[in-house]
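Reading the structure
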Number of protein chains: 2
Amino acid sequence: MRVDLCRTILFAALIGFGGAALPARAQSADPLPSWNESPVKQSIIDFVTRVTAEGGPDYVAPQDRIATFDNDGTLWVEQPLYTSFIFILDRVKAVSNQHPDWKTKEPFKSALDGNTKKLLTYGEKGAVELITATHAGMTTVEFNDIISNWLKTARQPRFKRPYTELTYKPMIELLDYLRANDFKTFIVSGGGVEFMRAYTEQCYGIPPWHVVGSSGKTQFRMWDASPTLVKLPDLLFFDDGPGKAEGINHYIGRQPIFAFGNSIGDKEMLEWTANCSGLCFMGLVHHTDAVREYAYGPNSDVGTFPDSLLEQANAQGWSVVNMKNDWKVIFSWEKPNP
Amino acid sequence: MRVDLCRTILFAALIGFGGAALPARAQSADPLPSWNESPVKQSIIDFVTRVTAEGGPDYVAPQDRIATFDNDGTLWVEQPLYTSFIFILDRVKAVSNQHPDWKTKEPFKSALDGNTKKLLTYGEKGAVELITATHAGMTTVEFNDIISNWLKTARQPRFKRPYTELTYKPMIELLDYLRANDFKTFIVSGGGVEFMRAYTEQCYGIPPWHVVGSSGKTQFRMWDASPTLVKLPDLLFFDDGPGKAEGINHYIGRQPIFAFGNSIGDKEMLEWTANCSGLCFMGLVHHTDAVREYAYGPNSDVGTFPDSLLEQANAQGWSVVNMKNDWKVIFSWEKPNP
């Protein structure tokens with residue numbers, strides 16, 4: 001997989017998930033060099049300093065330093081459409097010759113027509129229908145091969161790069177910084193869990209078992225005396241909105257003290273995190289940079305950031321990243337402004 | 001919680017889940033001192049030595065060193081009845097005054113009568129019925145408090161000790177030994193996930209997010225402006241038999257290379273592990289010591305170990321621990337034979 005950005009992740013992060021990923025001396029340098037000096041950067045560093053200060057009033061033991069991150073729009077690009085959704089649309093096209101009725105049957109028709117505006121009006125139900133129709137009836141090994149091949153060949157339409165090169169450098173620094181301070185970093189995202197697990201370790205230093213996502217059921221079967229897992233057309237878990245708080249409890253089993261999202265689908269994850277017993281940090285990425293990335297908010301069908309969420313963030317002291325102002329670079333391959 | 005055994009676990013194991021839990025020098029000593037010299041002990045040490053030998057033909061990178069363990073009968077006592085099942089029966093009794101019809105309605109009647117023989121004939125369906133009737137309608141926080149209190153006060157009928165003191169010392173040494181060699185250790189067990197998470201970190205050094213178990217659905221609700229998760233009377237995941245292979249894929253997302261169980265419910269987990277691409281280790285604990293613990297096998301309703309499983313283990317080169325012969329001590333509080 002050609003993922004230049006991923007190479008910047010220290011190998012240490014891959015083998016030391018639970019422990020310190022960076023040598024202690026690295027902490028004296030700026031841990032977030034791609035972040036401009038800003039209140040958000042300062043509040044992150046203040047938070048980490050306080051919860052790791054042994055003997056201090058806000059100290060949190062390492063095993064309780066749980067940090068959860070949304071993926072689409074928080075760790076990588078989600079415009080013009082969630083990447084895992086583009087993958088699903090490509091799957092619909094790939095198998096459509098076996099389903100002639102899809103030409104006239106929604107939501108398949110809109111998927112085949114590339115009418116994403118209309119497709120998004122079918123909401124969660126439509127997405128689940130597309131997923132169950134295209135992701136089932138094969139083994140997990142076959143499905144993982146399809147994902148890996150797709151990630152190698154697919155290109156994001158505007159940037160003409162593999163999606164795995166469209167991760168946000170400042171957020172990867174943040175993940176590294178937290179792990180260097182003995183945080184356990186998890187992804188809690190609405191995307192398909194197999195899809196994310198295909199690249200999260202390489203790109204974010206986050207192993208498969210730290211990835212919570214939406215998923216379908218599987219069934220164990222012996223196949224020519226070999227055990228296989230066959231994917232079934234049934235939803236097991238939908239990890240968005242309230243599902244993110246439920247998923248944190250179900251898959252992680254411990255209260256986070258740090259969470260980052262970027263849209264209305266992250267509201268309940270942030271509320272759940274804000275309910276922690278000591279000091280906690282809630283952050284939102286606001287997409288404000290149409291030149292380097294995208295600018296969108298209340299009126300976007302993808303990554304909707306309504307005014308009510310901004311009001312809630314301001315009222316409750318959640319940090320909001322202004323991407324244009326707060327991030328020196330967005331992508332690793334981008335030249336920083338002089 | 002009075003858990004003497006748990007104190008023997010190094011604090012390092014609690015904070016260094018992903019990394020080395022023991023200092024390197026510890027490895028020169030016998031890593032499994034509670035194990036008698038036996039073919040099983042030797043095969044474990046051979047396996048770990050080979051997969052960690054950099055440059056060797058069987059080398060496995062640290063991020064791929066996944067080890068999965070059953071819990072009941074593999075890491076702690078499961079006789080005369082699975083501990084999580086005893087907890088469920090106590091819950092049935094605790095709330096039975098709100099359900100007068102249970103006096104004549106199965107499986108509740110057998111649960112209230114303490115007729116476990118009959119109760120076990122209702123199988124998985126009966127267990128799920130008891131669980132959903134007693135574990136729902138409260139918040140996750142309330143439920144966790146009930147579990148913690150139960151673990152503090154309940155005593156195992158034969159040993160008259162808290163259940164958390166009935167973990168197997170040789171297996172805890174094995175968990176430590178694997179983690180010292182950069183294995184990630186997971187529990188994959190049919191027990192209720194919340195029940196296990198209440199003590200696995202303290203007793204085994206295994207954090208909540210490395211515990212795969214059976215679980216019910218929850219629902220996020222705002223309650224007096226506070227977010228809560230309410231437990232629903234619906235099964236989300238049943239982690240036994242084929243469910244263990246499905247659960248490994250769903251929750252861990254990577255193929256294990258090491259697995260340990262003790263009964264027919266672990267068959268598919270071991271088959272799934274045996275399907276790994278390189279060297280892998282499959283182990284079973286056979287309960288053969290009626291004096292120090294229990295002796296049971298094909299005819300036991302709890303932890304059934306049929307002859308067919310023993311034959312499969314022998315035919316496929318899986319290691320079988322003979323508890324009586326292979327373990328110097330079983331419990332930490334037990335005096336070893338001179």
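What comes next concerns the included structure. As the structure is a computational prediction, the values presented were derived from the model and not from experiment.

All right, on to the packing of aromatic side chains then. All names here are of chain B. Overall, the coordinates contain 55 aromatic pairs over all chains when judged by the stated rule. Relative to phenylalanine 281, the ring of phenylalanine 258 lies with its centre 4.7 Å away and its plane at 10°, an arrangement referred to as stacked. Residue phenylalanine 258 is located in strand E5 (residues 258–261), and its partner phenylalanine 281 is located in strand E6 (residues 281–286); the two are separated by 23 residues in the primary sequence. As far as the burial class goes, phenylalanine 258 and phenylalanine 281 line up, both buried. Above the face of the tryptophan 333 ring, arginine 161 is positioned so that its terminal group lies 4.0 Å from the ring centre.

Turning to the pattern of salt bridges, a few remarks are in order. Under the criterion given, the structure shown has 34 salt bridges over all chains. A salt bridge links A:Lys118 to A:Glu106; the shortest N-O distance between them is 3.3 Å. Taken as a pair, A:Lys118 in helix H5 (residues 116–120) and A:Glu106 in the loop between helix H3 (83–95) and helix H4 (108–113) lie far apart in primary sequence, twelve residues in all. Taking relative accessible area as the criterion, A:Glu106 reaches 23% and is therefore assigned partly exposed. A salt bridge links B:Lys41 to B:Glu37, with the nearest nitrogen and oxygen atoms 2.9 Å apart. Using a relative accessible area of 1% as the deciding quantity, one classes B:Lys41 as buried. What makes B:Glu37 exposed here is its relative accessible area of 59%. Connected through shared salt-bridge partners, A:Asp30, A:Glu37 and A:Lys41 make up one network.

A separate point is the interface of chain A and chain B. Interface size is commonly expressed as the accessible area that is lost once the parts come together. Each side of the interface is counted separately: chain A has 38 residues, and chain B has 38 residues. Summed over both sides, the interface of chain A with chain B buries roughly 3600 Å², with 61% coming from carbon and sulfur. The largest share of the area that chain A buries against chain B comes from A:Trp209, A:Phe220 and A:His250, three residues that together contribute 20% of it. Counting every contact that joins chain A to chain B gives two salt bridges. B:Glu201 is the partner of A:Arg254 in a salt bridge, and the nearest nitrogen-oxygen pair spans 2.5 Å. Where chain A meets chain B, there are 16 residue pairs in polar contact (both at pLDDT 80 or more). Within the residue set of the side of chain A that touches chain B, elements represented by two or more residues are helix H1 (11–15), strand E2 (184–192), strand E3 (211–223), strand E4 (226–237), helix H11 (242–252) and helix H12 (267–274) of chain A. Among the elements that make up the side of chain A that touches chain B, the one with the highest residue count is H11(A) (seven residues). Split by residue class, the side of chain A that touches chain B holds 19 nonpolar, twelve polar and seven charged.

Parameters at a glance
Residues numbered from 1 in each chain as written. Chains lettered and ligands numbered in written order. Predicted model: local features only at pLDDT ≥ 70, side-chain atom pairs only at ≥ 80, totals over all residues. Heavy atoms only, no water. Phe/Tyr/Trp six-rings, centres within 6.5 Å; stacked < 30°, edge-to-face > 60°. Helix = DSSP H or I, 4+ residues; strand = E, 2+ residues; numbered from the N terminus. Buried < 20%, exposed > 50% of the residue type's maximum accessible area, 1.4 Å probe, protein only. Lys NZ or Arg CZ within 6 Å of the ring centre and 35° of its normal. Salt bridge = Lys/Arg side-chain N within 4 Å of Asp/Glu carboxyl O. Contact = heavy atoms within 4.5 Å. Buried area = accessible area lost by both parts, 1.4 Å probe. Polar contact = N/O pair within 3.5 Å; in protein donor to acceptor, adjacent residues only side chain to side chain. Nonpolar A, V, L, I, M, F, W, Y, C, P; charged D, E, K, R; others polar.

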